[in-house]
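Here's the letter readout for the chains.
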Amino acid sequence: MTASRAAKSVLALSQQEELVDLPEDCPLNVSEDEEDSDGERKHQKLLETISSLDGKNRHKVAERSEASLKVSEFNVSAEGSGEKLVLADLLEPVKTSSSLSLATVKKQLNRVKSKKTVELPLHKEEIERARTPLEQEVFNLLHKNKQPVTDPLLTPMEKASLKAMSLEEAKMRRAELQRARALQSYYEARARREKKIKSKRYHKIVKKEKAKRALKAFEQLRKVNPAAALEELKKIEKARMMERMSLKHQNSGKWAKSKAIMAKYDLEARQAMQEQLAKNKELTQKLQVASESEEEERGAEETEELLVPDVVNEVQMNPDGPNPWMLRSCTRDIKEAEAHEDPEELPDPVAHEVSESEGDERPVAEEEILLKEVEERRSLRRRSELSQDAEPVGSQETKDSSSQEVLSELRALSQKFKKNHQSRKPKASSVSTGHQVQREEPALEEEEPLLLQRSKRVQTVEELEELEKEECSQNQEFLRPGLKGQQLERNPNNLPNAPKEKKKKEQMIDLQNLLSTKSPSVKSLAVPTTLEEMDDEEERDQKQMIKEAFAGDDVIRDFLKEKRESMEASKPKDVDLTLPGWGEWGGMGLKPSTKKRRRFLIKAPEGPPRKDKNLPNVIINEKRNIHAAAHQVQVLPYPFTHHSQFERTIQTPIGSTWNTQRAFQKLTTPKVVTKPGHIIKPIKPEDVGYRSSSRSDLSVMQRNPKRLSASHKKQLKKNSVD
Amino acid sequence: MSRPRRTNFRPKNTHILKKSRISKKLQVPKKPRERKNPESQRSLSGAQDPFPGPAPVPVDVVQKFCRIDKSKKLPRCRSKTRNRLKVAETEEEETSVTAARSELLLAEEPGFLEGEDGEDTAKILQADIVEAVDIASAAKHFDLNLRQFGPYRVNYSRTGRHLAFGGRRGHVAALDWVTKKLMCEINVMEAVRDIRFLHSEALLAVAQNRWLYIYDNQGIELHCIRRCDRVTRLEFLPFHFLLATASETGFLTYLDVSVGKIVAALNARAGRLDVMTQNPYNAVIHLGHSNGTVSLWSPAVKEPLVKILCHRGGVRAVAVDSTGTYMATSGLDHQLKIFDLRGTYQPLRARTLPQGAGHLAFSQRGLLAAGMGDVVNIWAGHGKASLPSLEQPYLTHRLSGPVHGLQFCPFEDVLGLGHSGGITSMLVPGSAEPNFDGLESNPYRSRKQRQEWEVKALLEKVPAELICLDPRALAEVDVISLEQKKKERIERLGYDPEAKTPFQPKPKQKGRSSTASLVKRKRKVMDKEHRDKVRQSLEQQQQQQEQQQQQQHKQEKAKPMRARPSALDRFVR
């Protein structure tokens, strides 16, 4: 936050610098037309003259303030004459004028002679004659400084200096001056050009770059020269203040007004407006400087509320472990219980700390703020995790905190925190067990080795265990199994999802019942050691309540939602082939008629029923496992006509893993066994079945005497008889 | 104080024999061969064999090994097909009978613990058991006092001979726990989340704070697997050579240990994963989530195969029994439930525990152990792999610290417990399989034997993509692609080669082949077919009606008896 604010203020500063720069530029602008032949500038001038031709705003009498380099007959300038030079004037022959003139000139001369010449307003003598005391004074001054009074060219001093300079030096100096002037004009031209660019994005980028550069420079400055940096920082602060004072970014500008009109219809405009407002807010945010009076006020509040902000602060200071106070505020139960208290309390300590650090020492403050920010964020994250995992803890604590006792407990807790920072376990126990006898931690647990890196989850579970040990022991004590079961059963009915249940009735198994089955608690002989402590009657009630709160229905709701989604996803989609506007009117807001839609809607065939249709607590993925399918048989071998027949023949495994050695050997014997070294004759047509002579049977017999068909045997007999 | 009646532990003699793994379907037993010729059996002395022929085999044992599902009705088949089917059936019968005969070689019986009449076995202390059993078995109960390096995770090797344990504060050790010979002991100087043996005791995977490391039995670091980071739980699938890792980042990663490649990295999309177990029957990984669901994963599918809503609070522990039939879960709502995994995924047993179970484990014979704080409860069913009844614990034991990891030792009646006070090896009579398969996992194997086994196991490695919910489905025909191919073939040929040809009456002589008679004969056949169809459909209808009636009957029975039907009943929908 603060870092971004700093960046903003730096940005503002840079903007202001621009503003400051501008007036400085202005005088330079006036002495703009110079002898340097800047083509662009000439072009500019031309454009200006063209624009002035229309006569509306005929302005500017360009004055030559300096002697031109080239004065030539070809370079006629009409400047300064006030009236335009017409070409005809130039082309007029001299002769005509001369012929005419002789008489006229004479006339004029006569007129001049006859008339008394008009005296110049300030005649030499008259000037020198100072009449009023003021004039005398002025003259005195001028004389003293040897300023030229009549001929305003060079002062004697200048003359002397000119004389003192050699010619080369003077030339060099002049060249230098010229160069400087040229550079300046270049710069101006460039600035003007850039200023004319309309792209907002470009300007944004430029601005950002500038800010970045400024920030970097500031960083460097801080390293090199802290004092200067401090000054810079003050400047930044001032810029921010200026921004605060100004009416910038306040929806009052021309642009903003136009946007405000458009905002009603245009989303972009609305966004732009909002952005601007947000920016304004950011820029004009007042830094909270905790004045003493404020603090006092706050202290008063605290005492009024009887809450323990000391504890808060201390816990905040505690380096490891999230603030239990903050943690509690995160749970949703707190909203009901203490909604009016915590929101006020929460942000304060942080802001307070920040302001403090700012007040103390500026240069170091930045870093500290950053560090604090990081820490804060981390703690926030941790807190959220904790609140997710250990909801029951939170709820437990809130319930407790409703009673006044807990406050005192908390106080005790805070003191305990001071004593031993590292162990978080005692916290849980002390909070929950209240005025129980505190179990002594084993000495080994006290000294925490460096290697121990407990994951948060485990810890929460442990805490949870410890919290609920007692609860269950009570259950065991006070509730008979049947009674408890009833309670559990009643529990879901009370909860506000009765309509859903009704809907669920169609399904065979009720999810609610399924999750809250009657499960009698175990009467185990060995109860975990921590169970031995017994609690009061009222606390038992409290814990029952906690249990009810904990048995949230959102788990079920989420699951059902997920299941519905997966069902939707796996359903085959219908194909809609309607062409809007085909055979009827079409356009915006017109829909094709239902009849037509029905006609062109190709309904997807209803797939086979889902396997989890009657199992409300299960989502079975209906997708086919392609990788496994690649290994399955895809073609039926010959004698089989149905896959179930073939499957039956391959259901018995033949590997040695599943069979005895003998069975395995028998299952895997080849059909034909030949002894090694036996000559295998090439196949003959008789072997395949062509019966040409009786000898073929003999060959068959030799190959495999066991596998003889009856007909073969008959033939064999015949042969032997023959 | 009573003593256990009998605590039977498996002695050390080793029978090496083959034992079948899967046993479900039924079959007819083989009858003892009839005496053919009494005279031929008579010996020289004239004495007669009082038990002629091979010894009879008990029916139920044979049925255990029969795998052909005969409940399915087959469509009518040709004689050739019938012959093939018959051959398959006889083969199955023979093999199952031989397997049943070899059951004789499984000489060892599981141990048990029985209280005197009405006495609770849960009250029997470990000290009593140790006193009652022989010295060798008594030596199997021991405690390792390791208070310094935090709660321990334990893992037994597949043979049950070696024990590896890793303390959360970096202590990693492996030992031959029977002889108490230490293999290695190191401190990895980093938090250890989980530890697991790979296929043999020579390799050890350790999930450390940042990466996954693999050490050998000397404690030398072999690999640091950076692609598996922030691992919380490890599982090793022995037949697939896959190391499944669940990470804090929510990824389930399968690492093929034999080739060192990552087979699949699946995003569970459910936050931090720290509850994982494997189903030993089908190598499916079960993950427990904080929203009370358990999801089942296979590396071949990117989404969970099944999602089961088990608890109202988050799931704290999951365990699956060795036959893959039951899954035990415990949640933050203090419930312990046992689910049926055979397609229905419904809870069979449920129980509220005083403090919920943080760790669960099934033994080879189906005993269920639950670690609740510093107490361990063990429940037993009746007989092997039966559903443990959660009524009364079979055994209980109190430890010096809260339990952090537990596993039953294979082939030994021992439960290994890792807790914050060290390691405890606890005697649980009847927990383990008494007979082992010497070729598969032999606790007494030598180094050479191990090497040989390793090569064989690698040759028989099952590809990762074959992991699916029902492994027997692989022995079925892929019907979808079969149909597809059939369709394509018909399209290609332009006609259906397997279509039934319409009846064509044979030509007959003596004027009986007139057109009228031909038509008549045709009609006759058609009518017959039609009648058959009608009859079939009628039968189906009847069956359906019967089923409905039965259901109604059941529902009526289930309903409480009303005193008298009210007149307003007609408005009840």
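All values reported here derive from a predicted model rather than from experimental measurement. (Residues numbered from 1 in each chain as written. Chains lettered and ligands numbered in written order. Predicted model: local features only at pLDDT ≥ 70, side-chain atom pairs only at ≥ 80, totals over all residues. Heavy atoms only, no water.)

Asker: Please provide a residue-by-residue account of the overall build of chain B, values included.
Answerer: On a plain count of helices and strands, chain B comes out with eight helices and 28 strands. Carbon and sulfur atoms form 51% of the exposed surface of chain B, whose accessible area is close to 30000 Å². (Helix = DSSP H or I, 4+ residues; strand = E, 2+ residues; numbered from the N terminus. Areas by Shrake-Rupley, 256 points an atom, 1.4 Å probe, with all protein chains shown as cover.)

Asker: Break down the overall build of chain A for me, citing the residues and quoting the values.
Answerer: Looking only at helices and strands, chain A has 36 helices and three strands in total. The buried share among the 722 residues of chain A stands at 28%. Residue pairs in contact within chain A that sit at least 24 positions apart in sequence constitute 66% of those at least 6 positions apart. Roughly 52600 Å² of accessible area belongs to chain A as shown, and the carbon and sulfur atoms make up 57% of that amount. (Buried < 20%, exposed > 50% of the residue type's maximum accessible area, 1.4 Å probe, protein only. Contact = heavy atoms within 4.5 Å.)

Asker: Mind laying out a nonpolar patch on the surface, listing which residues take part and the relevant values?
Answerer: Residue and element names in this part refer to chain A. Judged by side-chain polarity, Leu46, Leu47, Ile50 and Leu53 come together as a nonpolar surface patch covering roughly 380 Å² of accessible area. Here Leu53 shows up in helix α2 (residues 39-53). For Leu53, a relative accessible area of 56% gives the class exposed. (Patch = residues over 30% accessible without salt bridge, like charges linked within 9 Å, V, L, I, M, F, W, Y side chains within 5 Å. Salt bridge = Lys/Arg side-chain N within 4 Å of Asp/Glu carboxyl O.)

Asker: Account for the UniProt feature "repeat: WD" (unreviewed entry) in chain B, with residues named and values stated.
Answerer: As annotated in UniProt, the feature "repeat: WD" (unreviewed entry) corresponds to residues 308-342 of chain B in the numbering used here. Helix makes up 0% of residues 308-342 of chain B and strand 57%. Its end C-alpha atoms lie 13 Å apart. (UniProt positions renumbered as here; feature names shortened; annotations may be inferred.)

Asker: Could you give an account of the pairing of strand β6 (residues 192-197) of chain B, with specific residues and numbers?
Answerer: Residue and element names in this part refer to chain B. Within β6, six of the six residues are buried, which leaves it mostly tucked inside the rest of the structure. Sheet topology note: the β6/strand β7 (residues 203-208) ladder contains five bridges and is antiparallel. In the sheet register, Asp194 faces β7, and the bridge partner there is Ala207. Counting the residues between successive antiparallel strands, the hairpin from β6 to β7 contains five residues. (Pairing = 2+ DSSP bridges.)

Asker: Can you lay out the nonpolar core for me, pointing to particular residues and giving the numbers?
Answerer: Ranked by internal contacts, the top residues of the largest apolar core, which has 37 residues, are Leu252, Tyr254, Ile285, Leu287, Ile308 and Met327 of chain B. Membership of the second largest hydrophobic core comes to 35 residues, among which are Ala138, Tyr156, Cys409 and Leu415 of chain B. (Core = buried A, V, L, I, M, F, W, Y, C linked by side-chain atoms within 4.5 Å.)

Asker: Give me a positive patch on the surface: which residues, what numbers.
Answerer: Residue and element names in this part refer to chain A. A cluster of basic residues, Lys200, Arg201, Lys204, Lys207, Lys208, Lys212, Lys216, Lys248 and Lys279, forms a positive patch at the surface. Considering every element that reaches the positive patch, the biggest residue donor is helix α9 (residues 200-224), with seven residues. Here Lys200 shows up in helix α9. With relative accessibility at 60%, the residue Lys200 sits in the exposed group. (Lys, Arg positive; Asp, Glu negative; His and termini not counted. Charge placed at Lys NZ, Arg CZ, Asp CG, Glu CD.)

Asker: Give me helix α29 (residues 554-570) of chain A: which residues, what numbers.
Answerer: All names here are of chain A. Given a rise of 1.5 Å per residue, 17 residues ought to cover 24 Å, and the 24 Å separating the end C-alpha atoms of α29 matches this to within 8%. When α29 is considered as a whole, its buried residues turn out to be Val555, Ile556, Phe559, Leu560 and Lys563. What you see down the axis of α29 is that its buried residues fit within an arc of 125°, all on one side. (Expected span 1.5 Å × (residues − 1). Arc of directions from axis to C-beta.)

Asker: Can you explain the side chain of Gln632 of chain A? Please cite residues and give values.
Answerer: With respect to the helices and strands, Gln632 of chain A occurs in the loop between α31 (626-629) and α32 (643-649). Engagement of the side chain of Gln632 of chain A in a polar contact is seen with the backbone oxygen of Ala473 of chain B, the distance being 2.8 Å. When neighbours within four sequence positions are excluded, Gln632 of chain A is seen to be in contact with Ala473, Leu474, Glu476 and Asp478 of chain B. (Polar contact = N/O pair within 3.5 Å; in protein donor to acceptor, adjacent residues only side chain to side chain.)

Asker: Can you explain the packing of α9 of chain A against helix α10 (residues 226-245) of chain A? Please cite residues and give values.
Answerer: All names here are of chain A. At a closest axis distance of 6 Å, the pairing of α9 and α10 adopts a crossing angle of 140°. Between α9 and α10, the interaxial angle falls into the category oblique. Facing α9, whose interface residues are Phe218, Leu221, Arg222 and Val224, α10 presents Pro226, Ala228, Ala229, Glu232 and Leu233. A class-by-class count of the residues in the contact of α9 with α10 yields seven nonpolar, no polar and two charged. (Axes fitted to C-alpha atoms, helices over the stretch in contact; angles between N-to-C directions. Parallel < 35°, antiparallel > 145°, perpendicular 65-115°, else oblique. Nonpolar A, V, L, I, M, F, W, Y, C, P; charged D, E, K, R; others polar.)

Asker: Describe in detail the pattern of salt bridges, supporting the description with residues and values.
Answerer: Residue and element names in this part refer to chain B. Following the criterion strictly, the structure yields 30 salt bridges over all chains and no others. Measuring nitrogen to oxygen at the nearest pair gives 3.0 Å for the salt bridge that ties Arg342 to Asp340. Several salt bridges converge on common partners, so that one network encompasses Arg193, Glu248, Arg272 and Asp274.

Asker: Could you give an account of the pairing of strand β4 (residues 171-176) of chain B, with specific residues and numbers?
Answerer: Residue and element names in this part refer to chain B. By the criterion of burial, β4 is predominantly enclosed, with six of the six residues buried. The two faces of β4 match: His171, Ala173 and Leu175 on one face and Val172, Ala174 and Asp176 on the other face are all buried. As judged from the five bridges shared by strand β3 (residues 162-167) and β4, these two strands associate in the antiparallel manner. Looking across to β4, one finds that Ala164 is bridged to Ala174. Two successive antiparallel strands, β3 and β4, enclose a turn made up of three residues, where Gly170 displays a positive phi of approximately 105°. Where β4 lies against strand β5 (residues 181-187), six bridges are found, and the strand directions are antiparallel. From the neighbouring strand, Leu175 faces β5, where its bridge partner is Leu182. Remark: four residues form the turn of the hairpin made by β4 and β5, two consecutive strands paired antiparallel; Lys180 in that turn has positive phi of roughly 65°.

Asker: Go over the packing of aromatic side chains, please, and point to the residues and values.
Answerer: All names here are of chain B. One pass over the structure, following the stated rule, counts eight aromatic pairs over all chains. Ring geometry for Phe236 against Phe241: centres 6.4 Å apart, planes inclined by 90°, an arrangement best described as edge-to-face. You can call Phe236 buried: its relative accessible area is 6%. Residue class for Phe241 comes out buried when judged on its relative accessible area of 2%. Among the aromatic residues, ring-to-ring pairing joins Phe142, Tyr156 and Trp177 into one connected group. If you follow Arg445 out to its NZ or CZ, it ends over the ring of Trp453, 4.7 Å from the centre. (Phe/Tyr/Trp six-rings, centres within 6.5 Å; stacked < 30°, edge-to-face > 60°. Lys NZ or Arg CZ within 6 Å of the ring centre and 35° of its normal.)

Asker: Would you mind going over the sheet that holds strand β15 (residues 285-288) of chain B in detail, with residue names and values included?
Answerer: Adjacent strands of a sheet pair through backbone hydrogen bonds, lying either parallel or antiparallel. Taking strand neighbours across the sheet as the criterion, the five strands line up as β3(A)-β17(B)-β16(B)-β15(B)-β14(B) in an open arrangement whose pairing is antiparallel. Each having just a single partner strand, β3 (618-620) of chain A together with β14 (275-278) of chain B make up the two edges of the open sheet. Put simply, the sheet's adjacent strands are angled 15° from each other on average, direction ignored. Where β15 of chain B meets strand β16 (residues 293-297) of chain B, four bridges bridge the pair, whose relative direction is antiparallel.

Asker: Give me unusual backbone geometry: which residues, what numbers.
Answerer: Residue and element names in this part refer to chain B. A positive phi is found at Met189, a non-glycine position, where the angle reads about 55°. Here Met189 falls in the exposed class, since its relative accessible area comes to 58%. Even without being glycine, His334 reaches a positive phi, approximately 70°. Positionally, His334 belongs in the loop between β19 (326-331) and β20 (335-340). For His334, a relative accessible area of 4% corresponds to the buried category.

Asker: Describe the confidence of the model for chain A, listing the residues and the values that go with them.
Answerer: Residue and element names in this part refer to chain A. In the predicted model, chain A carries a mean pLDDT of 64, and the fraction of residues at 70 or more is 43%. Across chain A, the element-wise mean pLDDT spans from 37 in helix α14 (residues 309-317) up to 94 in β3. Of the regions scoring below 50 in pLDDT, residues 385-508 engages in 194 contacts with residues more than four places distant in sequence or in other chains. Here residues 696-708 scores under 50 on pLDDT; set against residues more than four positions off or in separate chains, the count is 13 contacts. (pLDDT = per-residue confidence, 0-100.)

Asker: Just give me the short version of the sheet that holds β3 of chain B, but keep the residues and values in it.
Answerer: All names here are of chain B. Pairing in this open sheet of four strands is antiparallel, and the strands run β2-β3-β4-β5 from one edge to the other. Of all the strands in the sheet, the pair left with one neighbour each is β2 (152-156) and β5. The average undirected angle you get between the axes of adjacent strands in this sheet is 15°.

Asker: Could you give an account of the environment of Glu460 of chain B, with specific residues and numbers?
Answerer: With respect to the secondary-structure elements, Glu460 of chain B resides in the loop between α6 (447-459) and α7 (479-493). In this structure, the C-alpha to C-alpha distance between Glu460 of chain B and His240 of chain B, residues 220 residues apart in sequence, is 8.8 Å.

Asker: Tell me what's going on with α6 of chain B, and back it up with residues and numbers.
Answerer: Residue and element names in this part refer to chain B. Taking 1.5 Å of rise per residue, the 13 residues of α6 would be expected to cover 18 Å, and the 19 Å separating its terminal C-alpha atoms lies within 8% of that figure. The complete set of buried residues in α6 reads Arg450, Trp453 and Ala457. An end-on view of α6 places all buried positions within 65° of arc, on one side of the element. Exposed side chains of α6 directed beyond 90 degrees from the buried face belong to Lys448, Glu452 and Leu459.

Asker: If you had to explain the packing of helix α11 (residues 254-262) of chain A against helix α12 (residues 267-283) of chain A to someone new, which residues and values would you point to?
Answerer: Residues and elements named next belong to chain A. Contact geometry of α11 with α12 gives a least axis separation of 8 Å together with a crossing angle of 135°. With respect to each other, α11 and α12 are oriented oblique. The two elements α11 and α12 cross, and the hand of that crossing is left-handed. In this structure, α11 contributes Trp255, Ala256, Lys259, Ala260 and Met262 to the contact, and α12 contributes Ala269, Ala272, Met273 and Gln276. Residue composition of the contact of α11 with α12, grouped by class: seven nonpolar, one polar and one charged. (Left-handed = near helix turned anticlockwise from the far one by under 90°.)

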